[in-house]
Amino acid sequence: DFFKDSLPVADLYILARILHDWTDERCIELLCRIYKVCKSGGAVLLVEALLNEDGSGPLTAQLYSLNMLVQTEGRERTGAQYAALLTASGFTNIQHHLTGKIYDAVLGHKEI
C-alpha cells in the first residue's frame, strides 16, 4: 500500500496510470511521500493520458476520464493540473510532453 508502507529511496519514481485513480488530495498525499524519500536531484515521472488544456479532448483521454469517474475517485487531468499537483508536493521544473499516442509524460524534479 503506497499510502501506508515505506517507500524505497530512489533517484527516479515512475507512476504509470496511478494518479488518475485518485482525488487531488490523495495524489498530493502520495506525491509528498515520494518527495520525502526521493534523492536530492531526483525526479518523478508520471505516465498518464493527458487531456487538452481546455478539456476538449483527445477523445481517448475523455473516455478514460469518464471511466475513472464511474469506477474510482479519480479522473484524467491536463498537463497543468498534474503540474499543480507536483508543485503542491514540492517538485519543481515540471515539464510535460504529449507523445501523440495514448499515454503522455509529466516530469517533476526535486531540487539539489
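It should be emphasised that the depicted structure is a prediction, and the values quoted were computed from it without experimental measurement.

The rules we used
- Residues numbered from 1 in each chain as written.
- Predicted model: local features only at pLDDT ≥ 70, side-chain atom pairs only at ≥ 80, totals over all residues.
- Heavy atoms only, no water.
- Helix = DSSP H or I, 4+ residues; strand = E, 2+ residues; numbered from the N terminus.
- Buried < 20%, exposed > 50% of the residue type's maximum accessible area, 1.4 Å probe, protein only.
- Phe/Tyr/Trp six-rings, centres within 6.5 Å; stacked < 30°, edge-to-face > 60°.
- Lys NZ or Arg CZ within 6 Å of the ring centre and 35° of its normal.
- Polar contact = N/O pair within 3.5 Å; in protein donor to acceptor, adjacent residues only side chain to side chain.
- Contact = heavy atoms within 4.5 Å.
- Patch = residues over 30% accessible without salt bridge, like charges linked within 9 Å, V, L, I, M, F, W, Y side chains within 5 Å.
- Areas by Shrake-Rupley, 256 points an atom, 1.4 Å probe, with all protein chains shown as cover.
- Salt bridge = Lys/Arg side-chain N within 4 Å of Asp/Glu carboxyl O.
- Axes fitted to C-alpha atoms, helices over the stretch in contact; angles between N-to-C directions.
- Parallel < 35°, antiparallel > 145°, perpendicular 65-115°, else oblique.
- Left-handed = near helix turned anticlockwise from the far one by under 90°.
- Nonpolar A, V, L, I, M, F, W, Y, C, P; charged D, E, K, R; others polar.

Asks: I tried to follow unusual backbone geometry on my own but got confused; where do I start?
Replies: Excluding glycine, most residues fall at negative phi; most peptide bonds, likewise, are trans. For the peptide bond that leads from G57 to P58, omega is -5 degrees, which places it in the cis range. With respect to the helices and strands, P58 occurs in the loop between β2 (38-48) and α2 (59-71). If you check the backbone angles, R17 has positive phi at about 60 degrees while not being a glycine. Among the secondary structure elements, R17 is positioned in the loop between β1 (10-16) and α1 (24-37). In this structure R17 comes out as buried when scored by relative accessible area, which is 18%. Within the chain, N93 stands out as a residue other than glycine whose phi angle is a positive 45 degrees. Its place among the elements puts N93 in strand β3 (residues 92-97).

Asks: Would you explain the packing of aromatic side chains in this entry?
Replies: For any pair of aromatic rings, geometry is given as the distance between the ring centres together with the angle between the planes. Evaluated as defined, the whole model comprises four aromatic pairs. Here the aromatic rings of Y35 and F91 are separated by 5.0 Å at their centres, their planes lie at 90 degrees, and the arrangement is edge-to-face. Taken together, the residues Y35 in helix α1 and F91 in the loop between α3 (79-88) and β3 connect sequence positions 56 residues apart. In this structure Y35 comes out as partly exposed when scored by relative accessible area, which is 23%. Of the aromatic side chains, those joined through ring pairs into one cluster are F2, F3 and W22. Stacked on the ring of Y35, the Lys or Arg K110 has its end atom at 4.7 Å from the ring centre.

Asks: Just to check I follow, could you spell out the side chain of H20 for this structure?
Replies: Here H20 is to be found in the loop between β1 and α1. In terms of polar contacts, H20 uses its side chain to reach the side chain of D21, at 3.3 Å. Separated by 2.8 Å, the side chains of H20 and E76 make a polar contact. Setting aside its immediate chain neighbours within four residues, H20 contacts E48, M68, T72, G74, R75, E76, R77 and Y82.

Asks: Just to check I follow, could you spell out a nonpolar patch on the surface for this structure?
Replies: Taken together, the side chains of L59, L63, L66, L69 and V70 present a nonpolar region at the surface, about 550 Å² in accessible area. As for its position among the elements, L69 is in helix α2. Residue L69 is classed as exposed on the basis of its relative accessible area, which comes to 56%.

Asks: Where do I start with the packing of α1 against α3 in this structure?
Replies: The axes of two packed helices give the description: the angle between them and the distance between them. Relative to each other, α1 and α3 sit at 50 degrees, their axes nearing to 8 Å. In this view, α1 runs oblique relative to α3, as classed from their interaxial angle. In this structure, α1 meets α3 at a crossing whose hand is right-handed. On the side of α1, the interface is formed by D24, C27, I28, L31 and C32, while α3 contributes L85, L86 and A88. Class assignment for the residues of the contact of α1 with α3 results in seven nonpolar, no polar and one charged.

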